[in-house]
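# Structural description and commentary
Here is what each chain is made of, one letter per residue.
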Amino acid sequence: MRRRGTWLLLLPTWLVLGMFFLVPLVLTLVLSLRQRGVYGGVAPIPDLGAYVTSGSFLGNYARSFAGIYAGIGWRSLWMAVLTTALTLAIGYPVAYALALRAPRRWKDLLLGLVVVPFWTSFLIRTYAWMFLLRTEGLVNRLLLGTGAVDRPLEILYTELAVMIGLVYGELPFMILPLYASLEKLDRTLLEAAADLGAGRVSSFWRVTVPLTAPGIAAGIVLVFIPSLGQFVVSDLLGGARSMLLGNLIQNQFAVARNQPFGAALAFELMAAVLLLLLAYAFYMKRKGEEVLL
Amino acid sequence: MPLSVEIRRVTKRFSDVAAVNEVSLDIRRGELFALLGPSGCGKTTLLRMVGGLETPSAGTIHIEGIDVTEVPPHLRPAHMVFQQYALFPHLTVADNVAFGLRYKNGGRAGWSTKVKEALDLVRLAGMEKRLPHQLSGGQRQRVALARALVLEPKVLLLDEPLAALDPQLREEVQVELKHLQRTLGISFLFVTHDREEALGMSDRVAVMRHGRVEQVGTPAEIFERPATRFTAEFLGATSFFTAEVASLVDGVATLRLPAGLDLQVPRPDASLRPGDRIDFVVRPEKLRVRVERPAEAEMAVVPVTVEESIYQGMGTTWIVRGPAGERFVAWEQNAASVLDEPSALRPGGAAFLCWHPRHTVVLGGGGDA
Amino acid sequence: MKPWILSAPLGLLLLAGCGAGEKAAEAPKEPRQLNIYIWTNYLPQDVLADFEKRTGIKTRVDTYDSNETILAKLQSGVADYDIAVPSDYMLKALISENLVRELDRSRLQGFENLDPRFLNQKFDPENRHSIPYVWGTAGIGYDTTKVAAPIDSWGALFDPRYKGRILMLDDAREAFGTVLKLQGKSLNETDPAVLRQVAEVLKKQKALVRTYNSSDFANLLTAGDVDVAHGWNGEMAEAVASSKGKLAYVVPKEGGTLWIDSVVLPTSGRNTDAAYEFLRFVLEPEIAARIVNGIHYAGANRAALPKIDEAIRNDPAIYPPQEVLDRCELLEDLGPTTELIDELWTEIKAAS
């Protein structure tokens, strides 16, 4: 009786998880094991036995490891790592200043400014970067006007533009968890460190950083994962050679009509993300911290 | 006697408020010195200025004869034990204790010996690998002590060292801290709002109020001879009297109470002049409440009405009203069981409040509370 | 504009809308609905407003920027568009995949207004499924102040002098077409060896290309982000016309793409009556002329010609002279070769 009661209570959870997570996942997996039809869709499998034994069902995965696609995978990974590193490098000082240096009455306003971009669609904000970065855009006009450069910089439609867009878009997701953990930081620990002889730099590395490690980890996860699957920024700001994994997947579904291949790529991306999340959860468990995500 | 810490006219202002106002204090070498006062009296700010965590707005601080007013905390021969200990939660006991060693001269080589010695000193041998959250409150405090002491300070600063401990532990830790201080022979400067703690632990006490030092003295001095009404009250005295100096003869002052009673007080304040209006206080445990007027001629006696008695086991507190409705409090030890010798006093009944004149403490200025 | 992004929220609205449509069948008082899937910049806002006003039909417009997207979307089975406007070769594919309805000619007035030159084409031999809407060419738009001499060849898109200043249509068939035409071959080449070799040329070309874009190409040229842009004539003509002679559009001498975009009724659509009303509406010469005036693409409606602005009617970029048309070729459905082109195009786009 009790058992059945528990089951009933968990039912909605299972339903939601099943409908919005498990079923799509299984569908994606099944799709990824098939082959495309001439105009798209999936080709019928005449002989299932032969299809399985010949290894054809892994064809899409095999193809995904071909040089050209693996190259995109590496580039996406590299871009995501770089985005994460840059957002951390920019976000940490900002979060630090917000949490520990800003006067109390300014704090809410400053924190609000970090969140304000969320009021506008990410897409529109990325479009705004197009107008800033284009050949005759605001940045170039400013640089030309001040004489800083004598010919316009080609920023838009380069990997640099993608990087700018990614870092810009992901920055709040780095700042917020960092702020939360820096805010929680017991300031007397910094005083204790100072009292024991640590200068500002030493105290930062030996006390502040280790104690805000959970925030750093959360920020890394929150930034790295979306960056890895990002396709809007690279599509709008990227040029001929800025294709990322996200674009490749989107392309397979929207234009190239190779849904099975797209599904295989999406599945690989998900697996990579899942591994990262597991590593994160393991790390937090070991630290005895609550897993935030 | 050589001085460990000299505080000279130190003022600390936060925006417009002076948290510490022109304080001067001398702390001798090897002394256990308490800064006592209610919260907001400036005692913690003063301690933090000695530690270098705050910079004085004015005045100077010398430690061991060296002006450290502008010296950063880690370059002062003074280290702090924080109220909540401020142990680094991500470091083991040993790493916490070793934290400051790398900033000291001398190589890594001596670290482990020093850490071991410090942990032995606070009886934490074998706890090296524990993390702070695996320790009890008392153990954490001892780690904090070891972490400061391993740096061999000349002055150890302690912010409310007993406040975070369970009440039953406090007495034990008091003894331990005193013992430690005697062993090391360095001076301890600590902050407390608890008078028992200040009296029980320190060699000398500075009572602070509104950023100023109200009185400095040995525990007995500040307890028995409070200079001001504030100090008296803070140390638990509540019976205040006003009187006029009727005469001064041969070191004996005759004080006249409003009710027309005279009492003879030996060793009066040198500054007293006949005709002065003065305040004096008598500590509760020096006061007696009697149904009969006491026979001894020299006893000071004030007729009162009993308002309330509070039985507290070890003693009984009597709240009585004087002729003009003044409120006095007496505390009497229950030397005999009240079951064997029940008191004859009843609330509402008339009685006599009496004390030996030598317990009369004439208060000085600043007693405006 | 990258309409696939914008179409995501619109798609959701559509999904919400289809529920409402079903209800409408039971309670006819609710406004009727028409879901239109069309190229970016293909339907002037005021024309659409007039249609709504006249018929009382609520329209929802969703846009795309490649033929491949229409196929993908209609194949997915989740879209329920009542109207779509694919190009020639894709129309053929849609017909062979049974994704569009056969038209009931008796419900169409004004069919006779259409220019016979655009009827009965290979992709729909008897126009059983489609009505030609607009037509045009693909060529090169360029900034005359940034090039040494007037451009007249596809070779300009492969000219190292314009490195980093070249825009290519983000469209497999059009991109392959540039190389095929340069090599004197048909746009509809199906020899895998030739196509692979073309793909290699396009991969090498990437070093010169600033970006691939099918929806915003004329704006990028106007904004100065690129100097030489592969594109379709309509938007190019508009950009050229407003550039005061700075920009020019040319159909290269090797020959270009002739394309015809036709209106079709996808089988997944639920509002057939409303769709026929829309077809009758756009067949009206008056409306057809307003569409051409609004979008700067040549219309297939012969009766509308006198009502079209003179400037547009006489613009050779929009209504090219016959000798230009003579060197243009229609894209055809390549059947099984489609798969190879998709794969090669993916490789080209993915190459670094």
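The rules behind each value
- Residues numbered from 1 in each chain as written.
- Chains lettered and ligands numbered in written order.
- Predicted model: local features only at pLDDT ≥ 70, side-chain atom pairs only at ≥ 80, totals over all residues.
- Heavy atoms only, no water.
- Pairing = 2+ DSSP bridges.
- Helix = DSSP H or I, 4+ residues; strand = E, 2+ residues; numbered from the N terminus.
- Axes fitted to C-alpha atoms, helices over the stretch in contact; angles between N-to-C directions.
- Contact = heavy atoms within 4.5 Å.
- Buried area = accessible area lost by both parts, 1.4 Å probe.
- Salt bridge = Lys/Arg side-chain N within 4 Å of Asp/Glu carboxyl O.
- Polar contact = N/O pair within 3.5 Å; in protein donor to acceptor, adjacent residues only side chain to side chain.
- Buried < 20%, exposed > 50% of the residue type's maximum accessible area, 1.4 Å probe, protein only.
- Expected span 1.5 Å × (residues − 1).
- Arc of directions from axis to C-beta.
- Domains from an automatic or database assignment.
- Nonpolar A, V, L, I, M, F, W, Y, C, P; charged D, E, K, R; others polar.
- Parallel < 35°, antiparallel > 145°, perpendicular 65-115°, else oblique.
- Left-handed = near helix turned anticlockwise from the far one by under 90°.
- Phe/Tyr/Trp six-rings, centres within 6.5 Å; stacked < 30°, edge-to-face > 60°.
- Lys NZ or Arg CZ within 6 Å of the ring centre and 35° of its normal.

### Observations concerning the sheet that holds strand 19 (residues 350–355) of chain B
Residues and elements named next belong to chain B. Read across the open sheet, the five strands follow the order 15-19-16-17-18; overall the sheet is antiparallel. The open sheet has two edge strands with one neighbour each: strand 15 (288–290) and strand 18 (327–333). On average, each strand axis in the sheet is inclined to that of its neighbour by 45°, with strand direction left out of account. Sheet topology places strand 16 (residues 300–311) next to strand 19; six bridges connect them, and they run antiparallel. The residue bridging Val-301 from the neighbouring strand is Cys-354, located in strand 19.

### A short note on the interface of chain A and chain B
Facing 15 residues of chain A, the contacting portion of chain B comprises 20 residues. Contact between chain A and chain B buries roughly 1600 Å² in total, counting both sides, with carbon and sulfur atoms accounting for 63%. Area buried by chain A at its contact with chain B is led by Asp-195, Leu-196 and Arg-206 of chain A, which between them contribute 46% of it. The interface formed by chain A and chain B contains one salt bridge. Between Glu-191 of chain A and Arg-48 of chain B there is a salt bridge; the shortest N-O distance is 2.4 Å. Run the count over chain A and chain B and you get seven residue pairs in polar contact (both at pLDDT 80 or more).

### A few points about the pairing of strand 8 (residues 187–192) of chain B
All names here are of chain B. Burial analysis of strand 8 places six of its six residues in the buried class, which makes it a mostly covered element. Residues Ser-187, Leu-189 and Val-191 point to one face of strand 8 and Phe-188, Phe-190 and Thr-192 to the other, with burial holding for every one of them. Of the pairings in the sheet, the one linking strand 3 (residues 32–36) to strand 8 comprises five bridges and is parallel in character. Paired with Ala-34 across the bridge in strand 8 is Phe-190. Pairing between strand 7 (residues 155–159) and strand 8: five bridges, direction parallel.

### Notes on helix 6 (residues 192–205) of chain C
Residues and elements named next belong to chain C. For helix 6, spanning 14 residues, the distance from its first C-alpha to its last is 20 Å, which sits close to the expected 20 Å at 1.5 Å a residue. Taken as a whole, helix 6 has its buried residues at Val-194, Leu-195, Val-198, Ala-199, Leu-202 and Gln-205. Taken around the axis of helix 6, the buried residues stretch over an arc of 140°, which confines them to a single face. Relative to its buried face, helix 6 has exposed residues pointing more than 90 degrees away, namely Ala-193 and Lys-204. Tucked inside the fold, the buried residues of helix 6 contact strand 5 (166–168), helix 5 (172–182), strand 6 (209–212) and helix 13 (337–350). Regarding helix 6, its N-cap is Asp-191, as a side-chain oxygen of that residue lies 2.9 Å from the backbone nitrogen of Ala-193 further along.

### Brief notes about the domain arrangement of chain B
All names here are of chain B. We note that the domain assignment places domain 1 (3–227) and domain 2 (240–362) within chain B. Measuring from the centre of the C-alpha atoms in domain 1 to the corresponding centre in domain 2 gives 40 Å. Across the boundary between the two partners, domain 1 contributes four residues, which contact six residues of domain 2. Across the interface of domain 1 and domain 2, roughly 460 Å² is buried in total on both sides, 49% from carbon and sulfur atoms. Linking domain 1 with domain 2 are one residue pair in polar contact (both at pLDDT 80 or more), by the criterion used here. Residue composition of the side of domain 1 that touches domain 2, by class: two nonpolar, no polar and two charged.

### Considerations on the packing of helix 8 (residues 159–184) of chain A against helix 11 (residues 213–229) of chain A
Residues and elements named next belong to chain A. Packing of helix 8 against helix 11 leaves a shortest axis separation of 8 Å and a crossing angle of 165°. As summarised for this structure, helix 8 and helix 11 are arranged roughly antiparallel, according to the angle between their axes. Handedness of the crossing formed by helix 8 with helix 11: right-handed. Seen from helix 8, the contacting residues are Glu-170, Phe-173, Met-174, Pro-177, Leu-178 and Ser-181; seen from helix 11, they are Gly-215, Ile-216, Ala-218, Gly-219, Ile-220, Leu-222, Val-223, Pro-226 and Ser-227.

### Considerations on unusual backbone geometry
Residue and element names in this part refer to chain C. Even without glycine at this site, Asn-98 takes up a positive phi of about 60°. Along the chain, Asn-98 falls in the loop between helix 4 (88–96) and strand 4 (131–143). Of note, His-296 is a non-glycine position whose phi angle comes to about 60°, a positive value. We classify His-296 as buried; its relative accessible area is 16%.

### Focus: the sheet that holds strand 11 (residues 239–249) of chain B
Residues and elements named next belong to chain B. Ordered in space as 13-12-11-14-20, the five strands form an open sheet in which the pairing is antiparallel. Each end of this open sheet is capped by a strand with a single partner; those strands are strand 13 (262–266) and strand 20 (361–362). Pairing between strand 12 (residues 252–256) and strand 13: five bridges, direction antiparallel. Bridging from a neighbouring strand, Leu-255 pairs with Leu-263 of strand 13.

### A word on the arrangement of the chains
In this assembly two pairs of chains touch, with chains A and C having more contacts than any other pair. The two partners chain B and chain C share no contact, and the minimum distance between any of their C-alpha atoms is 46 Å.

### Here's the deal with the packing of aromatic side chains
In this structure the tally under the stated criterion is 27 aromatic pairs over all chains. Ring centres 6.3 Å apart and planes at 45° place the aromatic pair Trp-39 of chain C and Tyr-42 of chain C in the tilted group. Pair check on accessibility: Trp-39 of chain C and Tyr-42 of chain C agree, each one buried. One aromatic cluster is present, built from ring pairs that chain together Tyr-37, Trp-39, Tyr-42, Tyr-64, Tyr-81, Tyr-133, Phe-217, Trp-232, Trp-259 and Tyr-297 of chain C. The ring of Phe-223 of chain B has Arg-283 of chain B sitting right over it, with the charged end atom 3.6 Å from the ring centre. Its guanidinium or amino end placed over the ring of Tyr-89 of chain C, Arg-173 of chain C lies 4.7 Å from that ring's centre, counting from NZ or CZ.

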